[in-house]
Amino acid sequence: ETGVTQSPTHLIKTRGQQVTLRCSSQSGHNTVSWYQQALGQGPQFIFQYYREEENGRGNFPPRFSGLQFPNYSSELNVNALELDDSALYLCASRTGTRAGYGYTFGSGTRLTVV
Amino acid sequence: TQLLEQSPQFLSIQEGENLTVYCNSSSVFSSLQWYRQEPGEGPVLLVTVVTGGEVKKLKRLTFQFGDARKDSSLHITAAQPGDTGLYLCAQKLLFGNEKLTFGTGTRLTIIP
């Protein structure tokens, strides 16, 4: 299967709840990043995984955590949801870590916290 | 804190016109990427530029990377309604981790 697939496409949660978002990357894409895109903004880097280990993190609190699995899938977990967590969450993957390699993005999960 | 500014923020032009959008940074890039994003979709990579002064063409789109590797431009010739979308530039810094820093984007609307 080609491309990056994210699930679910839309999700509504209540403040204080926990959520898990999922991403299935292309075969061979051993680098996966997660981004948060608020309405009208560019994506903001949350963290990156390479070969199942976190190797970069943006300015997000510890209640944002992730996992990457050997089958090129990954998860983003957010605990104690806040209203400001409402956003489009994007997963992006690529092969390797050298500069110049472009990312393939999924269509995102639209999370609404009420 | 690195800052990536895009201009204009919004642009609405008639089909057939030419346009240029800009991306400027306070820091030197190791690489600069341009993406286009349509509503309800993730960004789609258009081009990656790595070398200062580099010019790349993709059909009617011309991408230029500044000599000092702190700025870039995207020029579209004879714009078509299918060019409508959010254009994002994203940088990787010369020294730092692997994250991409995105600009806030230019929302382009081509009027038929």
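Remember, predicted model here, so these are calculated numbers, not experimental data.

### Describing the overall build of chain B
Alright, step 1. Across its full length, chain B holds zero helices and 11 strands.
Alright, step 2. Along the chain direction, N to C, the helices and strands of chain B fall in the order β-β-β-β-β-β-β-β-β-β-β.
Alright, step 3. By the compact-globule yardstick of 13 Å for 112 residues, chain B fits well, its C-alpha radius of gyration being 13 Å.
Alright, step 4. With respect to the three principal axes, the spread of C-alpha positions in chain B is 45 × 30 × 20 Å.
Alright, step 5. When the 112 residues of chain B are sorted by exposure, 44% land in the buried category.
Alright, step 6. Within chain B, residue pairs in contact and separated by at least 24 positions form 56% of the contacts whose partners lie at least 6 positions apart.
Alright, step 7. Summed over its atoms, the accessible surface of chain B is roughly 5300 Å², and 52% of this surface lies on carbon and sulfur atoms.
Alright, step 8. Distance between charge centroids for chain B: 5 Å, based on 10 positive and 10 negative side chains.

### So, the layout of surface pockets
Alright, step 1. Counted as a void, the second largest pocket has a volume near 220 Å³.
Alright, step 2. Taken together, 14 residues make up the lining of the second largest pocket; nearest its centre are Gln37, Leu39 and Arg110 of chain A together with Gln37 and Arg107 of chain B.
Alright, step 3. For the lining of the second largest pocket, a count of residues per class yields five nonpolar, five polar and four charged.

### So, the side chain of glutamine 36 of chain A
Residue and element names in this part refer to chain A.
Alright, step 1. The topology assignment puts glutamine 36 in strand S4 (residues 31-37).
Alright, step 2. Residue classification places glutamine 36 among the buried residues on the basis of a relative accessible area of 13%.
Alright, step 3. Reaching out from glutamine 36, the side chain makes a polar contact with the side chain of tyrosine 89 at a distance of 2.9 Å.
Alright, step 4. Leave out the neighbours within four places in its chain, and glutamine 36 touches Gly42, Pro43, Gln44, Ile46, Phe60, Phe64, Asp84, Asp85, Ala87, Leu88 and Tyr89.

### Some thoughts on the packing of aromatic side chains
Alright, step 1. Inspection of every chain in the model, using the stated rule, returns nine aromatic pairs over all chains.
Alright, step 2. Put simply, the rings of Tyr35, Phe45 and Phe105 of chain A together with Tyr35 and Phe102 of chain B touch in pairs and so form one group of aromatic residues.

### Description of unusual backbone geometry
Generally, phi is negative for residues other than glycine and the peptide bonds are trans, each holding for most cases.
Alright, step 1. Going from serine 7 of chain A to proline 8 of chain A, the amide bond is cis rather than trans, its omega being -10°.
Alright, step 2. Secondary-structure assignment places proline 8 of chain A in the loop between strand S1 (5-7) and strand S2 (10-13).
Alright, step 3. In this structure, the amide linkage connecting serine 7 of chain B to the following residue, proline 8 of chain B, adopts the cis form with an omega of -10°.
Alright, step 4. Of note, the phi angle at tyrosine 72 of chain A is positive, near 70°, even though the residue is not glycine.
Alright, step 5. Here tyrosine 72 of chain A is to be found in the loop between strand S7 (64-68) and strand S8 (73-78).

### Focus: the sheet that holds S1 of chain A
Adjacent strands of a sheet form backbone hydrogen bonds with each other and so pair up, either parallel or antiparallel.
Residue and element names in this part refer to chain A.
Alright, step 1. If you walk across this open sheet you meet the four strands as S1-S3-S8-S7, and the pairing is antiparallel. A single partner strand is all that each edge strand has here, and the edge strands are S1 and S7. Adjacent strand axes in the sheet meet at a mean angle of 15° when their direction is disregarded.

Criteria and thresholds
Residues numbered from 1 in each chain as written. Chains lettered and ligands numbered in written order. Predicted model: local features only at pLDDT ≥ 70, side-chain atom pairs only at ≥ 80, totals over all residues. Heavy atoms only, no water. Helix = DSSP H or I, 4+ residues; strand = E, 2+ residues; numbered from the N terminus. Rg over C-alpha atoms; globule rule 2.2 N^0.38 Å. Buried < 20%, exposed > 50% of the residue type's maximum accessible area, 1.4 Å probe, protein only. Contact = heavy atoms within 4.5 Å. Areas by Shrake-Rupley, 256 points an atom, 1.4 Å probe, with all protein chains shown as cover. Lys, Arg positive; Asp, Glu negative; His and termini not counted. Charge placed at Lys NZ, Arg CZ, Asp CG, Glu CD. 1 Å grid on protein atoms, 1.4 Å probe; cavity = no way out; pocket = protein on both sides within 12 Å on 5 of 7 lines; lining within 4 Å. Points joined across faces, edges and corners; volume = space filled by probe spheres on them. Nonpolar A, V, L, I, M, F, W, Y, C, P; charged D, E, K, R; others polar. Polar contact = N/O pair within 3.5 Å; in protein donor to acceptor, adjacent residues only side chain to side chain. Phe/Tyr/Trp six-rings, centres within 6.5 Å; stacked < 30°, edge-to-face > 60°. Pairing = 2+ DSSP bridges. Axes fitted to C-alpha atoms, helices over the stretch in contact; angles between N-to-C directions.

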